[in-house]
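# Remarks on the overall topology
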Amino acid sequence: MAENAVIVVQARMSSTRLPGKVMLPILGKSLLYRMIERLQMIQHKATIVIAIPENDSAEDIIEQEALALNVPCYRGSLNNVLDRHYQVAKQYDADIVLKIPSDCPLIDPRIIDQVLDFYYTHPGEYDFVSNLHPATFPDGNDVEIVTMACIEKAWREAKRPLELEHTTPYIWENQDIFRIGNVTWSTGLDYSMSHRFTIDYEADYLFIKRVFEELYPVKPDFSCGDILNLLNEQPEIYNINAQYAGVNWYRNHLDELKTVSLEQTKLTF
């Protein structure tokens, strides 16, 4: 029997560096709309749930967008995002949970399927499978798969603020407890620090908007390879947010993360 897969898309309006980023317009729709549209292109069957903070009317607009998308919306803890994922998993009777944050609107559905393929072709072998430890794909193609038993154990045992805020560090930091699998880019390349397809800054939005404008009208399900071809043909697009390539949340927690090295983040930009 196929496992019940639930994709949790964590989102909020109160992003510190680019407030309201998930509702920024891309070709007449919100950035969140465009991302959900891409998630719905995967070949594997999965339920998509948008998980947002509770007790904040500023987040109502995301709930309304979820309604318009006909996608369920769960409201939970602002800072304990691990709890948000766990509660969604329980509510939707998940066997596996996919963590795909809302700052990845250019995510390639084929890459999601590749990570799921790896998990499904190794039945019972892994508690956690991702393409991030170590990362090789262009930043913004983040896929993490957690079994229900694994996320429940993390939910019960994780205590540090970074473990609660970022959902999965307790898991991938404890490789003696959990069985960890990783999917690397089949090209043999590592663009995780050189190519940035995620959104955290205004320049990221301008980059993502331009990519959609160039590719979506011709091929709505454009791939990671299509983006890379575009950047080779029009390097000025790559340069829009190139100064932020390699910038990620790890840089603020290097003293707390034992499995992340200085080479996996950019400290200054």
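Residues numbered from 1 in each chain as written. Predicted model: local features only at pLDDT ≥ 70, side-chain atom pairs only at ≥ 80, totals over all residues. Heavy atoms only, no water.

Further remarks concern the overall build of the protein chain. On a plain count of helices and strands, the protein chain comes out with 10 helices and 9 strands. Scaling as 2.2 N^0.38, a compact globule of 269 residues should have a C-alpha radius of gyration of about 18 Å, and the protein chain matches this with 17 Å. For the protein chain, with 269 residues in total, the buried portion stands at 55%. Looking at the protein chain as shown, the accessible area adds up to about 11,800 Å², and 49% of this sits on carbon and sulfur atoms. The positive charge centre, built from 24 side chains, and the negative charge centre, built from 39, are 2 Å apart in the protein chain. (Helix = DSSP H or I, 4+ residues; strand = E, 2+ residues; numbered from the N terminus. Rg over C-alpha atoms; globule rule 2.2 N^0.38 Å. Buried < 20%, exposed > 50% of the residue type's maximum accessible area, 1.4 Å probe, protein only. Areas by Shrake-Rupley, 256 points an atom, 1.4 Å probe, with all protein chains shown as cover. Lys, Arg positive; Asp, Glu negative; His and termini not counted. Charge placed at Lys NZ, Arg CZ, Asp CG, Glu CD.)

What follows covers the sheet that holds strand β7 (residues 128-130). The strand order across the open sheet formed by 7 strands is β5-β4-β1-β6-β8-β7-β9, and the pairing between neighbours is mixed. Since the sheet does not close on itself, it has two edges, and those belong to β5 (73-76) and β9 (180-182), each with one partner. If you compare each strand with its neighbour and ignore which way they point, the axes differ by 25° on average. Across 3 bridges, β7 lies against β9 in parallel orientation. Counterpart to Phe-128 in the pairing with β9 is Ile-180. Seen against the sheet, helix α1 (residues 31-39) touches β1 (5-10) and β4 (47-53) and runs at an angle of roughly 165° to β1. (Pairing = 2+ DSSP bridges. Axes fitted to C-alpha atoms, helices over the stretch in contact; angles between N-to-C directions. Contact = heavy atoms within 4.5 Å.)

So, about the pairing of β5. Taking every second residue as pointing to the same face, the buried face of β5 carries Tyr-74 and Gly-76, while none of Cys-73 and Arg-75 on the other face is buried. Pairing geometry for β4 and β5, over 4 bridges, is parallel. Within β5, the residue paired with Ile-52 across the bridge is Arg-75. Note that the unit made of β4, helix α2 (residues 60-69) and β5 has a crossover that is right-handed. (Right-handed = clockwise from strand over helix to strand, strands pointing away.)

All right, on to the packing of helix α3 (residues 81-91) against helix α5 (residues 148-157) then. Here α3 crosses α5 at 140°, and the two axes come no closer than 10 Å. By the angle class used here, α3 and α5 are oblique. Relative to α5, α3 is oriented so that their crossing is left-handed. For the pair α3 and α5, contact is made by Leu-82, Asp-83, His-85, Tyr-86, Gln-87, Ala-89 and Lys-90 and by Met-148, Ile-151, Glu-152, Ala-154 and Trp-155, respectively. When its residues are assigned to classes, the contact of α3 with α5 shows 7 nonpolar, 2 polar and 3 charged. (Parallel < 35°, antiparallel > 145°, perpendicular 65-115°, else oblique. Left-handed = near helix turned anticlockwise from the far one by under 90°. Nonpolar A, V, L, I, M, F, W, Y, C, P; charged D, E, K, R; others polar.)

This part is about the pairing of β1. For β1, a buried count of 6 out of 6 residues is recorded, marking the element as mostly surrounded by other parts of the structure. A two-sided burial pattern is seen for β1, the buried positions comprising Ala-5, Ile-7 and Val-9 on one face and Val-6, Val-8 and Gln-10 on the other. Bridging between β1 and strand β6 (residues 96-99) involves 4 bridges; their strand directions are parallel. In the strand pairing of β6, Val-8 is matched with Lys-99. Here 5 bridges tie β1 to β4, and the two strands are oriented parallel to one another.

Distances and angles like these do not, on their own, reveal function.
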